[in-house]
Amino acid sequence: MLSLYIDLAIGLILTFLLLSLLVSGINEGIVRLLAIRSKFLWAYLRDTMDGADKGRAWLPAKIRDVFAVLPFSRDPRPAHSDQPAPVESTMPAPETKSGDEMTTLLYERVREIDHPKTGRTSIANIPPGRFAVAMLELAASDPGGVEGWLAKLKAMKSPLYGHLLGVWEGAQRDLDRFRQGVETWFDGEMQRLSLLYKRYVKWVMAALGLVVVLLFSVDGLQYAKTLLRDNALRTGVAAVASGDPATVAELKRKCTADVQLTDCLTETLSSPALVKIFDHAIVSLTFPASGDPGVRWNGAVWWDRLTTPSHWPGFLLTYVALLFGASFWWDLLRRITGIKLRR
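Residues numbered from 1 in each chain as written. Predicted model: local features only at pLDDT ≥ 70, side-chain atom pairs only at ≥ 80, totals over all residues. Heavy atoms only, no water.

Engineer: An account of the overall build of the protein is requested, with residue identities and associated values reported.
Structural biologist: Across its full length, the protein carries 15 helices and 4 strands. Burial analysis of the protein (343 residues in total) assigns 43% to the buried set. Excluding contacts between residues fewer than 6 apart, the proportion of contacts in the protein whose partners are at least 24 apart in sequence is 65%. Summed over its atoms, the accessible surface of the protein is roughly 18,500 Å², and 60% of this surface lies on carbon and sulfur atoms. (Helix = DSSP H or I, 4+ residues; strand = E, 2+ residues; numbered from the N terminus. Buried < 20%, exposed > 50% of the residue type's maximum accessible area, 1.4 Å probe, protein only. Contact = heavy atoms within 4.5 Å. Areas by Shrake-Rupley, 256 points an atom, 1.4 Å probe, with all protein chains shown as cover.)

Engineer: An account of the pattern of salt bridges is needed here, citing residue identities and associated values.
Structural biologist: Per the counting criterion, the structure on display carries 13 salt bridges. A salt bridge links Glu189 to Arg192; its shortest N-O distance comes to 3.1 Å. Residue Glu189 and its partner Arg192 are both found in helix 8 (residues 175-216); the two are separated by 3 residues, about one turn of the helix. One continuous salt-bridge network, built from bridges that share partners, spans Glu28, Arg32 and Arg37. (Salt bridge = Lys/Arg side-chain N within 4 Å of Asp/Glu carboxyl O.)

Engineer: Could you give an account of the nonpolar core, naming the residues involved and the relevant values?
Structural biologist: Of all hydrophobic cores here, the largest spans 64 residues; its most connected members are Met102, Leu106, Ile126, Met135 and Trp149. Per-element accounting of this core gives the leading share, 15 residues, to helix 8. Those residues within four positions of Ile126 in sequence are excluded, and the remaining contacts are Leu41, Trp42, Leu45, Leu106, Val110, Phe131 and Phe186. Membership of the second largest hydrophobic core comes to 13 residues, among which are Phe16, Tyr223, Ala224 and Leu333. (Core = buried A, V, L, I, M, F, W, Y, C linked by side-chain atoms within 4.5 Å.)

Engineer: Account for the environment of Ala139, naming residues and giving values.
Structural biologist: Note that Ala139 resides in helix 5 (residues 128-140). Looking at Ala139, the relative accessible area reads 3%, which means it is buried. With 48 residues separating them along the chain, Ala139 and Met91 place their C-alpha atoms 9.2 Å apart. Filtering out sequence-adjacent residues up to four positions away, Ala139 remains in contact with Gly145, Val146 and Trp149.

Engineer: For the side chain of Asp50, give the residues involved together with the corresponding values.
Structural biologist: For Asp50, the position within the fold is in the loop between helix 2 (36-49) and helix 3 (63-69). The buried category is assigned to Asp50, whose relative accessible area is 9%. At a separation of 3.1 Å, a polar atom in the side chain of Asp50 contacts the main-chain amide nitrogen of Met102. Within the structure, the side chain of Asp50 is placed 2.5 Å from the side chain of Thr103, a separation counted as a polar contact. (Polar contact = N/O pair within 3.5 Å; in protein donor to acceptor, adjacent residues only side chain to side chain.)

Engineer: Quick one: what's the story with helix 2, residue by residue and with numbers?
Structural biologist: With 14 residues, helix 2 ought to run about 20 Å at 1.5 Å a step, and its terminal C-alpha atoms sit 20 Å apart, in line with that. In terms of burial, helix 2 is a largely internal element, 13 of the 14 residues being buried. (Expected span 1.5 Å × (residues − 1).)

Engineer: Hey, could you go over the packing of helix 4 (residues 101-110) against helix 5 for me, with residue numbers and the actual values?
Structural biologist: Remark: helix 4 packs on helix 5, axes separated minimally by 10 Å, with the N-to-C direction vectors making an angle of 115°. In terms of orientation, helix 4 and helix 5 fall into the roughly perpendicular class. Considering the relative orientation of helix 4 and helix 5, their crossing is right-handed. Here Met102, Leu105, Leu106, Arg109 and Val110 of helix 4 lie close against helix 5, whose contacting residues are Arg130, Phe131, Ala134, Met135, Glu137 and Leu138. The residue makeup of the contact of helix 4 with helix 5, split by class, is 8 nonpolar, no polar and 3 charged. (Axes fitted to C-alpha atoms, helices over the stretch in contact; angles between N-to-C directions. Parallel < 35°, antiparallel > 145°, perpendicular 65-115°, else oblique. Left-handed = near helix turned anticlockwise from the far one by under 90°. Nonpolar A, V, L, I, M, F, W, Y, C, P; charged D, E, K, R; others polar.)

Engineer: So what's going on with the packing of aromatic side chains? Residues and values would help.
Structural biologist: Centre distance and the angle of the planes are the two values used to describe a pair of aromatic rings. Tallied over the full model, the rule gives 12 aromatic pairs. Summarising the aromatic geometry, the rings of Trp42 and Tyr107 are spaced 6.1 Å apart at their centres and angled 75° between planes, so their arrangement reads as edge-to-face. Taken as a pair, Trp42 in helix 2 and Tyr107 in helix 4 lie far apart in primary sequence, 65 residues in all. Tyr107 shares its class with Trp42; the two are buried. Here the aromatic residues Phe16, Phe324, Phe328 and Trp329 are joined through ring pairs into a cluster of three or more. We note Arg46 situated over the ring of Trp58; from NZ or CZ to the ring centre the distance is 5.1 Å. Positioned above the aromatic ring of Trp58, the side-chain terminus of Arg74 is 4.1 Å from the ring centre. (Phe/Tyr/Trp six-rings, centres within 6.5 Å; stacked < 30°, edge-to-face > 60°. Lys NZ or Arg CZ within 6 Å of the ring centre and 35° of its normal.)

Engineer: Tell me about a nonpolar patch on the surface, and please be specific about residues and values.
Structural biologist: Side chains of Leu316, Val320, Phe324 and Phe328 sit close together on the surface and give an oily, nonpolar patch of about 370 Å² of accessible area. For Leu316, a relative accessible area of 53% puts it in the exposed group. (Patch = residues over 30% accessible without salt bridge, like charges linked within 9 Å, V, L, I, M, F, W, Y side chains within 5 Å.)

Engineer: How would you summarise the packing of helix 5 against helix 6 (residues 145-155) if you had to cite specific residues and measurements?
Structural biologist: The interhelical angle for the contact between helix 5 and helix 6, taken along N-to-C directions, is 95°, at an axis separation of 8 Å. As summarised for this structure, helix 5 and helix 6 are arranged roughly perpendicular, according to the angle between their axes. For the pair helix 5 and helix 6, the contacting residues are Met135, Leu138 and Ala139 in the first and Gly145, Val146 and Trp149 in the second. Grouping the constituent residues of the contact of helix 5 with helix 6 by class yields 5 nonpolar, 1 polar and no charged.

Here it is as structure tokens:
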């Protein structure tokens, strides 16, 4: 009895893990296609270094802006350059500043770590140490040193002035401590930016999770009942999840009641146990015992299942499970099956 419920738990956990990975994969594909991470970083840098553009902040204030406005409206990323950083970067005169000089100067100092992507920078992460060195390089190019450079930032009305002035005063005008202070400050800003990004993305993941549940019409309660009633299916799922030879042997043992052992195993494994969770999707997959896998339009069955109220609690269970994320279910699966990662 204990083994039965362990196999049931493994089957459900593996199902939720696969669906969570699907949601994460779709989200990652969208993020990479639209270069959202890179745009998010440079939107923050423009707000921090040059300020808002015509009264409009670059960094999105709403989740709608992250995936609707940021990718398709103003692109905050600098144009890509394959040239090395110049020997010296010159601060522009405050009266000639046009709007993005500080962002351009920063990109000049860090573009060695860049590679092109549709003509724009692809940098989505700047190490805090590299940012601090870039700031020191800019300050060193000013005849007045750090204080002269800060005075120019103030005259240019750069928001960066207030941040770095506090770091400079806290470092008691010591260059090494100033560099460490800038590095610590920027590291904290990147952590805050990362949390903000994750807060936006979690809502997108929630929306994608709902779409996946509805498109595949995965009823977690019904699948649990199927696992309980179908010994071969439940054992097959557990075997896939754990890779335990003893579990595979148990699958064979459960097939000994059939006239032909090979026929039983072929029938059970030719339609992989894990694929059964997608049997009621709008498009389903078939894995025949011989021949190539096939794709079948399942629209009528899918719609009938989707509009049947008795399946709604199972859909809700699956959706709530997906909100925990793939990392949660992977960790739980490792704990139950004893899977260990090789280092």
